[in-house]
Amino acid sequence: MAVGGYVFTYPDVARRESLLDVMNMLDPTDTQFLSGVKQSQAANTLHEWTIDTLESVGDNAQAEGADAPADASNDPTRPQNVTQIFSKTAKITGTETADALNRVGGNRMSRELMKKMKALKNDVEYALVRGSIASGVASTSAASARRLKGIKNWITTNASNYSGVSLTETITNDIFEAVWQHGAQVDAIYSPMKGKRRISAFTAGATKQVDINDRRLVLAVDVYQADAAKMVKLFPHRHVTVSGDYGTTATPGFDVLALTEDTWATAWYRKPFTKALAETGDFTAKQLITELTLEARQEKANAIGRVFF
(Lines give C-alpha, C1' and ligand atoms only; values in the text may rest on other atoms or scores of the structure.)
Protein backbone atom coordinates (compact mmCIF):
# COMPACT_ATOMS: atom_id res chain seq x y z
CA MET A 1 0.00 0.00 0.00
CA ALA A 2 1.32 3.41 -0.93
CA VAL A 3 1.84 5.80 1.96
CA GLY A 4 2.09 9.49 1.16
CA GLY A 5 2.60 8.69 -2.49
CA TYR A 6 5.42 6.18 -1.83
CA VAL A 7 5.57 2.40 -1.72
CA PHE A 8 7.66 1.44 1.35
CA THR A 9 9.24 -1.93 2.12
CA TYR A 10 7.90 -2.11 5.67
CA PRO A 11 4.42 -3.52 4.90
CA ASP A 12 5.52 -5.52 1.83
CA VAL A 13 4.86 -9.19 2.73
CA ALA A 14 6.10 -10.30 -0.69
CA ARG A 15 9.71 -9.63 0.26
CA ARG A 16 11.88 -12.73 0.53
CA GLU A 17 13.84 -13.31 3.70
CA SER A 18 17.59 -12.70 3.86
CA LEU A 19 19.01 -15.84 5.44
CA LEU A 20 22.72 -16.58 5.29
CA ASP A 21 23.27 -20.07 3.90
CA VAL A 22 25.89 -20.86 6.55
CA MET A 23 25.28 -22.47 9.94
CA ASN A 24 27.34 -20.75 12.65
CA MET A 25 28.32 -22.52 15.85
CA LEU A 26 30.56 -21.35 18.71
CA ASP A 27 31.45 -23.97 21.30
CA PRO A 28 34.71 -25.02 22.97
CA THR A 29 36.17 -28.04 21.18
CA ASP A 30 39.76 -28.12 22.45
CA THR A 31 41.05 -31.68 22.88
CA GLN A 32 44.78 -31.04 23.29
CA PHE A 33 45.53 -34.16 25.32
CA LEU A 34 43.51 -36.61 23.21
CA SER A 35 45.02 -35.17 20.04
CA GLY A 36 48.59 -34.98 21.30
CA VAL A 37 49.49 -38.19 23.14
CA LYS A 38 50.39 -41.63 21.80
CA GLN A 39 47.78 -44.14 20.71
CA SER A 40 47.70 -47.77 21.76
CA GLN A 41 45.40 -50.77 21.47
CA ALA A 42 43.38 -52.45 24.21
CA ALA A 43 42.46 -56.12 23.73
CA ASN A 44 40.07 -56.35 26.65
CA THR A 45 37.92 -54.11 28.82
CA LEU A 46 40.49 -54.55 31.61
CA HIS A 47 43.70 -53.15 30.16
CA GLU A 48 47.12 -53.68 31.79
CA TRP A 49 50.74 -52.78 31.11
CA THR A 50 54.03 -53.25 32.97
CA ILE A 51 56.44 -50.77 34.54
CA ASP A 52 59.99 -51.71 35.51
CA THR A 53 62.58 -49.83 37.57
CA LEU A 54 66.33 -49.91 38.15
CA GLU A 55 67.93 -50.86 41.45
CA SER A 56 68.44 -47.98 43.84
CA VAL A 57 71.62 -46.03 43.23
CA GLY A 58 74.33 -46.32 45.90
CA ASP A 59 77.97 -46.83 46.71
CA ASN A 60 79.29 -49.77 44.68
CA ALA A 61 82.80 -50.85 45.64
CA GLN A 62 83.57 -54.56 45.64
CA ALA A 63 86.44 -56.11 47.57
CA GLU A 64 89.10 -57.93 45.63
CA GLY A 65 88.28 -61.64 45.53
CA ALA A 66 84.81 -61.14 47.04
CA ASP A 67 81.77 -63.21 46.11
CA ALA A 68 79.31 -61.83 43.58
CA PRO A 69 77.01 -59.24 45.19
CA ALA A 70 73.44 -60.16 46.07
CA ASP A 71 70.78 -59.58 43.45
CA ALA A 72 68.84 -56.43 44.35
CA SER A 73 66.56 -56.36 41.32
CA ASN A 74 63.02 -55.01 41.62
CA ASP A 75 60.01 -56.83 40.26
CA PRO A 76 58.00 -54.95 37.63
CA THR A 77 54.58 -53.63 38.54
CA ARG A 78 51.42 -54.13 36.51
CA PRO A 79 49.05 -51.14 36.58
CA GLN A 80 45.61 -51.44 35.06
CA ASN A 81 42.75 -49.32 33.83
CA VAL A 82 39.32 -50.13 32.45
CA THR A 83 37.80 -49.10 29.15
CA GLN A 84 34.98 -46.59 29.13
CA ILE A 85 32.22 -46.55 26.54
CA PHE A 86 31.33 -43.16 25.08
CA SER A 87 28.24 -42.69 22.93
CA LYS A 88 25.99 -40.08 21.31
CA THR A 89 22.73 -40.48 19.38
CA ALA A 90 21.37 -38.45 16.47
CA LYS A 91 17.64 -38.86 15.83
CA ILE A 92 15.92 -37.05 12.93
CA THR A 93 12.22 -37.12 12.04
CA GLY A 94 11.05 -38.26 8.63
CA THR A 95 9.80 -34.74 7.90
CA GLU A 96 13.22 -33.29 8.68
CA THR A 97 14.91 -35.72 6.27
CA ALA A 98 12.47 -35.18 3.40
CA ASP A 99 14.10 -34.12 0.11
CA ALA A 100 11.63 -31.27 -0.27
CA LEU A 101 12.94 -29.51 2.85
CA ASN A 102 15.31 -26.70 1.94
CA ARG A 103 17.37 -25.83 4.99
CA VAL A 104 20.56 -24.02 5.97
CA GLY A 105 23.54 -26.27 6.59
CA GLY A 106 22.74 -29.05 4.15
CA ASN A 107 21.77 -32.58 5.14
CA ARG A 108 20.53 -32.55 8.74
CA MET A 109 21.74 -36.03 9.68
CA SER A 110 25.24 -35.35 8.35
CA ARG A 111 25.41 -32.14 10.31
CA GLU A 112 24.09 -33.76 13.48
CA LEU A 113 26.68 -36.53 13.25
CA MET A 114 29.44 -33.94 12.83
CA LYS A 115 28.23 -32.10 15.92
CA LYS A 116 27.87 -35.33 17.89
CA MET A 117 31.44 -36.37 17.04
CA LYS A 118 32.79 -33.05 18.34
CA ALA A 119 30.74 -33.41 21.49
CA LEU A 120 31.93 -37.01 21.92
CA LYS A 121 35.58 -35.93 21.68
CA ASN A 122 34.93 -33.30 24.33
CA ASP A 123 33.53 -36.00 26.63
CA VAL A 124 36.55 -38.23 26.01
CA GLU A 125 38.94 -35.37 26.79
CA TYR A 126 37.05 -34.64 30.01
CA ALA A 127 37.34 -38.27 31.13
CA LEU A 128 41.04 -38.56 30.20
CA VAL A 129 41.81 -35.58 32.43
CA ARG A 130 39.33 -36.02 35.29
CA GLY A 131 38.07 -39.62 35.19
CA SER A 132 37.73 -41.64 38.40
CA ILE A 133 37.98 -45.41 37.94
CA ALA A 134 34.94 -47.61 38.36
CA SER A 135 34.95 -51.28 37.37
CA GLY A 136 31.25 -51.37 36.58
CA VAL A 137 28.64 -54.06 37.20
CA ALA A 138 26.40 -56.13 34.97
CA SER A 139 23.61 -53.63 34.49
CA THR A 140 22.39 -51.29 31.75
CA SER A 141 22.07 -48.45 34.27
CA ALA A 142 24.37 -45.50 33.57
CA ALA A 143 25.37 -45.50 37.24
CA SER A 144 26.90 -48.98 36.84
CA ALA A 145 29.06 -48.17 33.78
CA ARG A 146 32.81 -48.71 33.64
CA ARG A 147 34.79 -45.51 34.06
CA LEU A 148 38.46 -44.99 33.22
CA LYS A 149 40.99 -43.39 35.57
CA GLY A 150 42.13 -40.00 34.28
CA ILE A 151 45.37 -38.05 34.64
CA LYS A 152 44.44 -36.20 37.81
CA ASN A 153 43.77 -39.46 39.63
CA TRP A 154 46.82 -41.28 38.24
CA ILE A 155 49.44 -38.80 39.47
CA THR A 156 50.27 -39.59 43.10
CA THR A 157 54.07 -39.50 43.52
CA ASN A 158 54.54 -35.83 42.63
CA ALA A 159 51.24 -34.47 43.91
CA SER A 160 51.17 -31.38 46.12
CA ASN A 161 48.45 -29.18 47.56
CA TYR A 162 49.29 -25.47 47.43
CA SER A 163 46.06 -24.17 48.95
CA GLY A 164 46.29 -20.41 49.43
CA VAL A 165 49.62 -20.06 47.60
CA SER A 166 50.10 -18.04 44.42
CA LEU A 167 51.74 -19.87 41.51
CA THR A 168 55.27 -18.49 41.08
CA GLU A 169 58.22 -19.23 38.85
CA THR A 170 60.09 -20.80 41.77
CA ILE A 171 57.23 -23.20 42.51
CA THR A 172 56.92 -24.08 38.83
CA ASN A 173 60.61 -24.96 38.68
CA ASP A 174 60.33 -26.95 41.91
CA ILE A 175 57.61 -29.04 40.24
CA PHE A 176 59.89 -29.61 37.23
CA GLU A 177 62.73 -30.63 39.54
CA ALA A 178 60.55 -33.17 41.36
CA VAL A 179 59.94 -34.91 38.04
CA TRP A 180 63.61 -34.59 37.03
CA GLN A 181 64.61 -36.44 40.22
CA HIS A 182 62.80 -39.49 38.83
CA GLY A 183 64.68 -39.37 35.52
CA ALA A 184 62.21 -37.51 33.31
CA GLN A 185 61.68 -33.98 32.02
CA VAL A 186 58.32 -32.28 31.82
CA ASP A 187 57.45 -31.16 28.28
CA ALA A 188 53.88 -29.87 28.68
CA ILE A 189 51.82 -27.94 31.19
CA TYR A 190 48.03 -28.11 31.18
CA SER A 191 46.16 -25.59 33.31
CA PRO A 192 43.12 -23.32 33.16
CA MET A 193 43.58 -20.03 31.36
CA LYS A 194 44.33 -18.36 34.70
CA GLY A 195 47.32 -20.65 35.23
CA LYS A 196 48.46 -20.30 31.61
CA ARG A 197 48.42 -16.50 31.90
CA ARG A 198 50.24 -16.65 35.25
CA ILE A 199 53.07 -18.74 33.79
CA SER A 200 53.21 -16.67 30.61
CA ALA A 201 53.77 -13.59 32.76
CA PHE A 202 57.15 -14.89 33.94
CA THR A 203 58.34 -16.44 30.66
CA ALA A 204 60.58 -13.52 29.71
CA GLY A 205 62.50 -15.52 27.13
CA ALA A 206 59.53 -17.39 25.69
CA THR A 207 59.10 -17.77 21.97
CA LYS A 208 56.05 -18.69 19.92
CA GLN A 209 56.64 -22.09 18.34
CA VAL A 210 54.74 -25.11 17.12
CA ASP A 211 56.49 -28.39 16.36
CA ILE A 212 55.59 -29.40 12.80
CA ASN A 213 55.01 -32.94 14.09
CA ASP A 214 52.51 -31.73 16.69
CA ARG A 215 49.17 -31.94 14.89
CA ARG A 216 47.11 -30.21 17.55
CA LEU A 217 45.01 -27.35 16.24
CA VAL A 218 46.58 -24.45 18.08
CA LEU A 219 47.50 -21.06 16.66
CA ALA A 220 50.53 -20.63 18.89
CA VAL A 221 52.08 -22.32 21.89
CA ASP A 222 54.07 -20.55 24.58
CA VAL A 223 57.26 -22.48 25.23
CA TYR A 224 58.86 -22.19 28.66
CA GLN A 225 62.54 -22.93 29.26
CA ALA A 226 63.79 -24.10 32.67
CA ASP A 227 66.84 -25.75 34.18
CA ALA A 228 65.03 -29.03 34.86
CA ALA A 229 62.74 -28.96 31.81
CA LYS A 230 63.32 -27.83 28.24
CA MET A 231 60.78 -26.61 25.69
CA VAL A 232 57.75 -26.95 27.95
CA LYS A 233 54.57 -26.29 25.97
CA LEU A 234 51.89 -24.33 27.84
CA PHE A 235 48.34 -25.41 27.06
CA PRO A 236 45.28 -23.64 28.48
CA HIS A 237 42.85 -26.45 29.27
CA ARG A 238 39.14 -26.25 30.11
CA HIS A 239 38.86 -29.43 32.18
CA VAL A 240 41.88 -29.34 34.52
CA THR A 241 39.82 -27.21 36.89
CA VAL A 242 36.09 -26.69 36.44
CA SER A 243 33.48 -24.62 38.17
CA GLY A 244 32.72 -25.99 41.61
CA ASP A 245 36.08 -27.71 42.19
CA TYR A 246 37.22 -25.20 44.80
CA GLY A 247 34.26 -23.18 45.97
CA THR A 248 32.55 -20.22 44.39
CA THR A 249 34.69 -17.30 45.57
CA ALA A 250 35.66 -14.47 43.27
CA THR A 251 39.14 -15.98 42.82
CA PRO A 252 38.69 -19.77 42.96
CA GLY A 253 41.73 -22.01 43.09
CA PHE A 254 43.10 -23.86 40.07
CA ASP A 255 45.31 -26.88 39.35
CA VAL A 256 48.39 -27.31 37.17
CA LEU A 257 49.37 -30.55 35.40
CA ALA A 258 53.06 -30.90 34.53
CA LEU A 259 53.28 -33.79 32.09
CA THR A 260 55.86 -35.83 30.23
CA GLU A 261 53.54 -36.50 27.33
CA ASP A 262 55.15 -39.64 25.92
CA THR A 263 54.44 -41.45 29.22
CA TRP A 264 50.71 -41.38 28.39
CA ALA A 265 48.70 -43.16 25.72
CA THR A 266 45.08 -43.65 24.77
CA ALA A 267 44.36 -47.36 24.39
CA TRP A 268 41.44 -47.91 21.99
CA TYR A 269 39.24 -50.96 22.43
CA ARG A 270 36.80 -49.72 19.78
CA LYS A 271 37.68 -46.81 17.52
CA PRO A 272 34.80 -44.35 16.87
CA PHE A 273 32.14 -45.77 14.55
CA THR A 274 28.54 -45.08 13.55
CA LYS A 275 25.72 -47.59 13.42
CA ALA A 276 22.11 -47.22 12.30
CA LEU A 277 19.48 -47.84 14.96
CA ALA A 278 16.21 -49.67 14.37
CA GLU A 279 13.47 -47.48 12.93
CA THR A 280 10.28 -48.08 14.89
CA GLY A 281 8.52 -44.98 13.64
CA ASP A 282 8.77 -41.95 11.38
CA PHE A 283 12.41 -41.15 12.12
CA THR A 284 16.02 -42.04 11.36
CA ALA A 285 18.46 -42.66 14.20
CA LYS A 286 22.20 -43.27 14.30
CA GLN A 287 24.52 -43.91 17.22
CA LEU A 288 28.16 -42.89 17.60
CA ILE A 289 30.20 -45.23 19.80
CA THR A 290 33.79 -45.51 20.93
CA GLU A 291 35.54 -47.33 23.79
CA LEU A 292 38.98 -46.61 25.19
CA THR A 293 41.08 -46.20 28.30
CA LEU A 294 44.19 -44.31 29.42
CA GLU A 295 47.64 -45.81 29.88
CA ALA A 296 49.77 -44.16 32.57
CA ARG A 297 53.07 -45.65 31.51
CA GLN A 298 55.08 -43.88 34.23
CA GLU A 299 53.14 -41.64 36.61
CA LYS A 300 56.37 -40.63 38.41
CA ALA A 301 57.34 -38.71 35.26
CA ASN A 302 54.45 -36.31 35.87
CA ALA A 303 53.31 -33.90 38.57
CA ILE A 304 50.22 -32.09 39.75
CA GLY A 305 49.94 -28.92 41.79
CA ARG A 306 46.52 -28.37 43.32
CA VAL A 307 44.63 -25.29 44.48
CA PHE A 308 46.86 -22.46 43.38
CA PHE A 309 45.55 -18.92 43.71
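For the structure itself, consult the block above.
No experiment lies behind these values; they were computed from the predicted model shown.

A. Just the overall build of the chain, in detail. The secondary structure content of the chain amounts to 5 helices and 15 strands. Relative to its full complement of 309 residues, the chain shows a buried share of 35%. Sequence separation of at least 24 residues holds for 76% of the intrachain contacts in the chain that already meet a minimum separation of 6.

B. Summary view of the sheet that holds strand β6 (residues 84–93). If you trace the 4 strands from one edge of the open sheet to the other, you get β3-β13-β14-β6, paired in mixed fashion. Each having just a single partner strand, β3 (38–41) and β6 make up the two edges of the open sheet. When strand polarity is set aside, the average angle formed by the axes of neighbouring strands in this sheet is 30°. Taken together, the 4 bridges between β3 and strand β13 (residues 264–276) define a ladder with parallel strand orientation. The residue of β13 that forms the bridge with Q39 is T266. Along the sheet face, helix α2 (residues 108–130) touches β6, β13 and β14 (283–296) and points at about 160° away from the line of β6.

C. Geometry of helix α5 (residues 193–201). All of the buried residues along α5 are G195, K196 and I199. For α5, the angular spread of buried residues about the axis comes to 100°, placing them on one side. Turned more than 90 degrees away from the buried face of α5 sit R197 and A201, all of them exposed.

D. Geometry of the pattern of salt bridges. Enumeration according to the criterion identifies 11 salt bridges in this entry. Its salt-bridge partner being R270, residue E291 comes within 3.0 Å of it at the nearest N-O pair. With E291 in strand β14 and R270 in strand β13, the pair connects residues that are 21 residues apart, well separated along the chain. Judged by its relative accessible area of 29%, R270 falls in the partly exposed class.

E. Main features of the nonpolar core. Judged by nonpolar contacts, the single largest core of 32 residues is most densely connected at F33, L128, I151, Y190, L257, L259 and W264. The dominant element in this core, judged by the number of residues it contributes, is α2, at 7 residues. Beyond its immediate sequence surroundings of up to four residues, W264 is in contact with F33, V37, K38, I151, W154, I155, L259, L294, E295, A296 and N302. Counting residues in each nonpolar core, the second largest holds 23 residues, with L167, F176, F254 and A258 among its members.

F. Geometry of a nonpolar patch on the surface. On the surface, a cluster of nonpolar side chains totalling about 420 Å² of accessible area is made up of Y6, F8 and Y10. For Y10, the position within the fold is in the loop between β2 (6–7) and α1 (32–36).

G. Representation of the side chain of T31 within the structure. With respect to the helices and strands, T31 occurs in the loop between β2 and α1. Of the residues examined, T31 reaches a relative accessible area of 7% and is grouped as buried. Residues within four places of T31 in sequence aside, it is in contact with K121, N122 and E125.

H. Molecular detail of the side chain of T290. Within the secondary structure layout, T290 lies in strand β14. A polar side-chain atom of T290 sits 2.7 Å from the main-chain carbonyl oxygen of R270. The residues touching T290, leaving out its near neighbours within four places in the chain, are Q84, I85, F86, L120, V124, W268, R270, K271 and P272.

I. Geometry of the environment of K233. With respect to the element layout, K233 can be found in strand β11 (residues 232–236). Separated by 25 residues in the primary sequence, K233 and A258 have C-alpha atoms spaced 9.8 Å apart. At 3.2 Å, the side chain of K233 and the side chain of E261 are in polar contact.

J. Spatial organisation of the pairing of strand β12 (residues 254–259). With 6 of its 6 residues buried, β12 lies for the most part within the structure. Covered by surrounding structure in β12 are F254, V256 and A258 together with D255, L257 and L259, the residues of both alternating faces. Bridge count for strand β8 (residues 188–191) against β12 is 3 bridges, and the pairing is antiparallel. Counterpart to A188 in the pairing with β12 is L259.

About the cut-offs
Residues numbered from 1 in each chain as written. Predicted model: local features only at pLDDT ≥ 70, side-chain atom pairs only at ≥ 80, totals over all residues. Heavy atoms only, no water. Helix = DSSP H or I, 4+ residues; strand = E, 2+ residues; numbered from the N terminus. Buried < 20%, exposed > 50% of the residue type's maximum accessible area, 1.4 Å probe, protein only. Contact = heavy atoms within 4.5 Å. Pairing = 2+ DSSP bridges. Axes fitted to C-alpha atoms, helices over the stretch in contact; angles between N-to-C directions. Arc of directions from axis to C-beta. Salt bridge = Lys/Arg side-chain N within 4 Å of Asp/Glu carboxyl O. Core = buried A, V, L, I, M, F, W, Y, C linked by side-chain atoms within 4.5 Å. Patch = residues over 30% accessible without salt bridge, like charges linked within 9 Å, V, L, I, M, F, W, Y side chains within 5 Å. Areas by Shrake-Rupley, 256 points an atom, 1.4 Å probe, with all protein chains shown as cover. Polar contact = N/O pair within 3.5 Å; in protein donor to acceptor, adjacent residues only side chain to side chain.

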